[in-house]
Structure formats: C-alpha cells, structure tokens
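An overview of the molecular structure
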Amino acid sequence: MAGSLTRDEPAEGTTVPRPVPAVIRTVPYAAGVLARRILLLAVLLGAVFAAVEMLPGDAADATSERGESAADLAQRRHLLGLDRPVAERFWDWMTGLPTGDLGTSARGEPIADLLAHPFPNSLLLGGLALLVTLVASVALGCWAAAKPGGPLDRAVSASATGILALPEFVVAVALVLVFALWVDWLPAVTLTDADGSPASWRMLVLPVLALAIPQIGWNTRIVRAALADEATAPHIETAVLDGLPRHRILTHHLLPGALPTIAAGLATSTGMLLGGAVVVETIFNYPGIGSVLAGAVADRDSPVIAGVVAVTGAVITGVLLLADLIRAWASGDRT
C-alpha cells in the first residue's frame, strides 16, 4: 500500500533510541571485575603476612646486631609490633594502603622510598619484554597463519612449544653463555648510574630477552590459535570469495577479530613477566624489585614483601582490567 510504513521505518514524529556505545556498556562489567580483583589481591596480601609468620625466626632476629641481648631483642620486637597478633598488624598495614602508605621496613626505612627506584626499573624491564613479546608473537603467529598446515606453520608451532617449556633462568644462562662469554657482544651484569638506573641500554638487552623468549612461545601459540578460530568465521570466507589479497584479509579481518584473545594472552604474560623478573634480575644483577624482595625474605620483613606484592599486583590488575575491557568492547561491537 502506498504511503505505508515498512518494518524498518519509524513512524513520523517518533524518536528512535540510539544504541548505547559498547564502551559505556562495559563500565558496570569493569567495575565488578575490578572489585573482585581487589578483593583477591587483599586475600593474597593476607596470605603473605601469614606465610612470613610461619617462617623460622622473625624480623627482630634477622635484623639484629651481633651481641644484642635478649632484652634488646624484646625491645626491638615491641618497636616493630611483632608482639601483637599477625591479624592486627595486617589490618593496620592495610588501612594505610589506600592512602599510599606502604609502612616502614624492619630497618626503619619507608617502604615507598625503598621501592622508589627498583620498581620503575622492574616496570621498564617488564614493559620492554612485553613489547618484544607482542611484536614477535604477532609476527610469528601471522607468519604461520599465512599458509595453514604448511611446513612453516608446523615449524613455528613446534618451536613455540619448545620455547614455552624453557624456564627464564635457563634462557638467561644460555644468553649469558653465548652473547656475553663466547662472542662478547653484550654485558653479563648490569651497572647502575648515580640514580640507580641501568648505565647503558646494552645492559637491558639480555634481561629483556631472557624474560621475553618463553612468553613469545606462549603468545605465538595463542595468536596462531586465535587466527585459526577467526578464519572459520563467515565474513572471512566471504572476503576470500571476493578475492581480497591475503595480507588485507589478515590485517583488516583476521587480526581485529582475534584481538580479544591476543590481549588476554598478553595480559596473562604480564604476571609471568613480573614474576620471572625476580629470577632474571638476580642473574643479571639488575637493580629491580628482585633484590628488594630477596632481602625482605631474608629479613622476614612482612610489610616490605606485602608492599612488593601490592604494587606488582596493582600493575597486573590494571593490565588484566584493560584486557577485559578490550574483550568486552570487541564482543559488544560484534553483537
């Protein structure tokens, strides 16, 4: 009938509601995820205090001077609050955390000052390793996906599996043996400037590679699997039938669809990189939180250990939240 409305045409004078942007729809989801992760981090910090409490000795014994009497040790325990229940000490420490107060170490140094230089150094090391992991894993995954099932695809997949099985300390020792001792291209130890940062960019190369190489294996497999899953989507088959170039299909159709999975894999690697940094920093004498954490464990210093866990956990939580937002945003745009 002439003048009749079709199903997709609104009546004259009516207001068509606009769809809510995907970014706004993800806000409640992100808030819930963040609340759960903060709660999990709080539980982890409580476990840190409890675990240190079960170790033999305490901070007063570990930091005491030779020849101190029992009365001196008792006085030190009182000053450090070690004569109070661990739950009470944990609660006092947690109440200062929202204001950025990480407490004081057993040796009397503010923990925030203690981490002021080492933690940025560790973030630099982990950030560079994450960047190398991202570039290498996406390049290798796309390279393998260019000809699925071919010799190159099988070689990349097999190599990634083998690399994934290597611990960071094995990779670090192998890199030192080859590049520092045999060919003498790169330094095996890290020297620092007056401000506590590495003296040269060359001193970052081996630690970054030692952290990144195992994660490249892990993320290459994730990228390859995500591209393989995305290749079965109907719009990919349509793009192939339309005769689009292979590289355009990869960059404009496959990679955008695989982005949420790739982001989740990289977010998971963030925790592994910061955790592996403790070992790698020790091997290369890198001025990061590894040495701080090792000293805190030796001193049985619960606040310092918890402070390292808190700042590291905050970074990991932020990266995981970003990955969740990317996944929710991408899923919202495709619905």
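Residues numbered from 1 in each chain as written. Predicted model: local features only at pLDDT ≥ 70, side-chain atom pairs only at ≥ 80, totals over all residues. Heavy atoms only, no water.

1. Observations concerning the overall build of the protein
On a plain count of helices and strands, the protein comes out with 13 helices and zero strands. Listing each helix as α and each strand as β along the protein from the N terminus yields α-α-α-α-α-α-α-α-α-α-α-α-α. Burial status across the protein gives 37% buried among its 335 residues. Counting contacts in the protein only where the partners sit at least 6 residues apart, residues at least 24 apart contribute 74% of the total. Accessible surface, the protein: about 18600 Å² in total, of which carbon and sulfur atoms supply 67%. (Helix = DSSP H or I, 4+ residues; strand = E, 2+ residues; numbered from the N terminus. Buried < 20%, exposed > 50% of the residue type's maximum accessible area, 1.4 Å probe, protein only. Contact = heavy atoms within 4.5 Å. Areas by Shrake-Rupley, 256 points an atom, 1.4 Å probe, with all protein chains shown as cover.)

2. A few points about the nonpolar core
The nonpolar side chains of soluble globular proteins are, as a tendency, buried together. Judged by nonpolar contacts, the single largest core of 22 residues is most densely connected at L45, W93, L102, L115, I305, A306 and V308. Those elements that provide at least two residues to this core are α1 (22-54), α4 (86-96), α12 (289-298) and α13 (302-333). Setting aside anything within four residues of it in sequence, one finds I305 in contact with V48, V52, L293, A296 and V297. Core analysis: the next-biggest nonpolar cluster, separate from the first, contains 20 residues, L125, I216, L273 and A277 among them. (Core = buried A, V, L, I, M, F, W, Y, C linked by side-chain atoms within 4.5 Å.)

3. Quick look at the packing of aromatic side chains
In this structure the tally under the stated criterion is three aromatic pairs. Ring plane angle 50° and centroid distance 5.7 Å describe the contact between F49 and W93, whose orientation is recorded as tilted. With a gap of 44 residues between them, F49 in helix α1 and W93 in helix α4 connect regions that are remote in the sequence. Looking at W93, the relative accessible area reads 7%, which means it is buried. Members of the aromatic cluster, each reached through a chain of ring pairs, are F49, F90 and W93. (Phe/Tyr/Trp six-rings, centres within 6.5 Å; stacked < 30°, edge-to-face > 60°.)

4. Comments concerning the pattern of salt bridges
The final tally for this structure, using the stated rule, is five salt bridges. For R77, the salt bridge is made with D61, and the minimal N-O distance between the two is 3.1 Å. Within this pair, whereas R77 is found in helix α3 (residues 70-80), its partner D61 is found in helix α2 (residues 59-62), the two being separated by 16 residues in sequence. Residue R84 is joined to E88 by a salt bridge in which the shortest nitrogen-to-oxygen separation is 3.2 Å. Take E88: its relative accessible area is 36%, and that puts it in the partly exposed class. Put simply, R84, E88 and D92 are held in one network by salt bridges that share partners. (Salt bridge = Lys/Arg side-chain N within 4 Å of Asp/Glu carboxyl O.)

5. Quick look at the packing of helix α6 (residues 118-145) against helix α9 (residues 202-230)
Put simply, α6 and α9 touch, their axes get as near as 6 Å, and they point 40° apart. Note on packing geometry: the crossing formed by α6 with α9 is right-handed. Residues of the contact of α6 with α9, tallied by class, amount to 19 nonpolar, six polar and one charged. (Axes fitted to C-alpha atoms, helices over the stretch in contact; angles between N-to-C directions. Left-handed = near helix turned anticlockwise from the far one by under 90°. Nonpolar A, V, L, I, M, F, W, Y, C, P; charged D, E, K, R; others polar.)

6. A few points about a nonpolar patch on the surface
The grouping of L166, F169, V170, V173, V279 and I283 at the surface amounts to a nonpolar patch, some 450 Å² of accessible area in total. Along the polypeptide, V173 turns up in helix α8 (residues 168-182). (Patch = residues over 30% accessible without salt bridge, like charges linked within 9 Å, V, L, I, M, F, W, Y side chains within 5 Å.)

7. Side note on the packing of α8 against helix α11 (residues 246-283)
Between α8 and α11, the shortest axis-to-axis distance is 9 Å and the interhelical angle comes to 40°. One element, α8, and the other, α11, form an angle in the oblique class. Like other packed secondary-structure pairs, α8 and α11 cross with a definite hand, here right-handed. Touching E168, F169 and A172 of α8 are M272, G276, V279, V280 and I283, all from α11. (Parallel < 35°, antiparallel > 145°, perpendicular 65-115°, else oblique.)

8. So, the layout of surface pockets
Of the pockets and cavities examined, the largest pocket occupies roughly 430 Å³. Lining the largest pocket are 22 residues, and of these L80, G81, L82, R89 and P303 lie nearest its centre. Elements with a minimum of two residues in the lining of the largest pocket: α1, α3, α4 and α13. A per-class count over the lining of the largest pocket returns nine nonpolar, six polar and seven charged. (1 Å grid on protein atoms, 1.4 Å probe; cavity = no way out; pocket = protein on both sides within 12 Å on 5 of 7 lines; lining within 4 Å. Points joined across faces, edges and corners; volume = space filled by probe spheres on them.)

9. So, the environment of A172
Here A172 is to be found in helix α8. On a C-alpha basis, the gap between A172 and E281 in space is 9.9 Å, while along the polypeptide they are 109 residues apart. If near-sequence neighbours (up to four positions away) are discounted, A172 is found in contact with A210, I283 and F284.

10. Side note on unusual backbone geometry
The phi dihedral of N285 is positive, around 55°, even though this residue is not glycine. Considering the arrangement of structural elements, one finds N285 in the loop between α11 and α12. Phi is positive for R300, close to 55°, though the residue is something other than glycine.

11. Here's the deal with the side chain of T220
Mapping T220 onto the fold places it in helix α9. Every residue in contact with T220, bar those within four places of it in the chain, is listed here: S137, L140, G141, V156 and A160.

12. Some remarks on the confidence of the model for the protein
Any segment with low pLDDT has predicted coordinates that should not be analysed in fine detail. In the predicted model, the protein carries a mean pLDDT of 81, and 88% of its residues have values of at least 70. Across residues 1-7 the pLDDT falls below 50, and counting only partners more than four positions away or on other chains, this stretch makes three contacts in the model. (pLDDT = per-residue confidence, 0-100.)

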